[in-house]
Amino acid sequence: MNILLTGGRAPAALELARAFHRAGHTVFMAESARGHLSQPSNAIKANFVVPAPRQDRDAFIVALKKIIEENKVDLLIPTCEEIFHIAVRRDELPCTVFAEPISKLEQLHNKWEFVSIAVDYGLSIPETTLVKSMDDLFHAYSNWREVVLKPTYSRFATQTLILTPLKEASSTLTFNAGASWVAQGYISGTEICTYSVCHAGRMAAHTAYRSTFTAGQGATIVFQHIDHPAIFNWVKTFVARNHFTGQIAFDFIQSPDGQIYALECNPRATSGVHLLASNPRFVEAFLNPQMDCITPLDNSSHMLSAAMLIYALPAAFKKNNLRQWMNTFFTSNDVILNFKDPLPFLLQFRSVLAYMRLARQKGISPIEASTFDIEWNGEG
């Protein structure tokens, strides 16, 4: 098949490109970021630079349509937040798109709507309230002594406030242009992430992994599969009730008494891809709606080594956690390094430097800069 991937800046997209290439498919990549991580990969037949979907969605869709028609693309798989822009205009694209319509994706990406759906399904989530004004904020702090606050639309926990005093929170939160926040009662415990590939409410691939080392507050950079039946059943129930098709990921917290709570949903590719890619049936999970659910073949540890050096190493020094960092770093496989496809690893700092330049220009963090031109915050 001819496969078109979008979001080549993400390590998950590179992993998917390599997996589909190994399985004998022809892979194309469309990206708005020049010199992105996947661009030099020999797994990709052709790269296409497309307009930034956040800044010019119409031109972005026109460019995708042209690529699909000229290269006889059979299947389009979005990987990052460009999926929402694609979903808005999905019916205009002349191939199969592995994504739900925007009406469904919006409900899962919106952190308040997701909580409401999970409650309707009878699934466990932390106590949560919507914060649209200062009165709502004061009400949340009167309900819970310890509070977590995050924008209704956000990613990588870049704006999340954890255990922030009320005085500081009230001076930080803004509600301009109808912006809202979600407040949740804080639950201590172990953070666990999942990633699944689904067809019409059935899971074809699934993994769960703990969030130990992160870039900033939220982006996990070390991945090791764990078997977690309770979380598997939670995800299975949600996917079935939602009749979901596509890639979907959840963030959980497991309290010391073993209870699990889903914190939020990411209806797109995430780093769990790296744990499933070595399974020879992983690509089939995208193509065969009837296959039984696969999981990773082993529990070996994988990492983004550059992020471990840039983000996790300084944090390890601050937290006096250097021994664990060293043990993890020297026993984990880098997900970008592939001796049969070396250029993405060798040239990866091109994109890192580009994000750093954009971050300085816009007054945002490099992590926020990495999604500046593709993120979706509920726009029509």
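Rules used in this analysis
- Residues numbered from 1 in each chain as written.
- Predicted model: local features only at pLDDT ≥ 70, side-chain atom pairs only at ≥ 80, totals over all residues.
- Heavy atoms only, no water.
- Buried < 20%, exposed > 50% of the residue type's maximum accessible area, 1.4 Å probe, protein only.
- Helix = DSSP H or I, 4+ residues; strand = E, 2+ residues; numbered from the N terminus.
- Arc of directions from axis to C-beta.
- Disulfide = S-S within 2.5 Å.
- Pairing = 2+ DSSP bridges.
- Contact = heavy atoms within 4.5 Å.
- Axes fitted to C-alpha atoms, helices over the stretch in contact; angles between N-to-C directions.

Our next topic: helix α12 (residues 322-331). Taken together, the buried positions of α12 are occupied by W325, T328 and F329. Taken down its axis, α12 places every buried residue within 95 degrees of arc, on the same side. Counted as exposed and oriented over 90 degrees from the buried face of α12: R323, N327, F330 and T331.

To continue, consider unusual backbone geometry. Of note in the backbone geometry, K72 takes a positive phi value of approximately 50 degrees without being a glycine. Within the fold, K72 resides in the loop between α2 (57-70) and β4 (75-77). Phi at N320 is positive, roughly 55 degrees, even though this residue is not glycine. Along the chain, the position of N320 falls in the loop between α11 (305-318) and α12.

Moving on, we come to the state of the cysteines. Joining two cysteines, a disulfide is a covalent bond between their sulfur atoms. Across all of its chains, the model carries 0 disulfides by this definition. In this structure C95 is not part of a disulfide, and its nearest cysteine sulfur, from C80, lies 17 Å away. In this structure C95 comes out as buried when scored by relative accessible area, which is 16%.

Time to look at the sheet that holds strand β6 (residues 128-131). Sheet strands pair by backbone hydrogen bonding; their relative direction is either parallel or antiparallel. As summarised here, the arrangement of the 4 strands in space is β6-β9-β7-β8, forming an open sheet in which the pairing is antiparallel. Among the strands making up the open sheet, the edge pair consists of β6 and β8 (161-162). When strand β7 (residues 147-151) meets β8, the two strands line up antiparallel, connected through 2 bridges. What sits directly across from V148, in β8, is I162. Across the face of the sheet, helix α5 (residues 111-120) comes into contact with β6, β7 and β9 (181-185) while running at roughly 150 degrees to β6.

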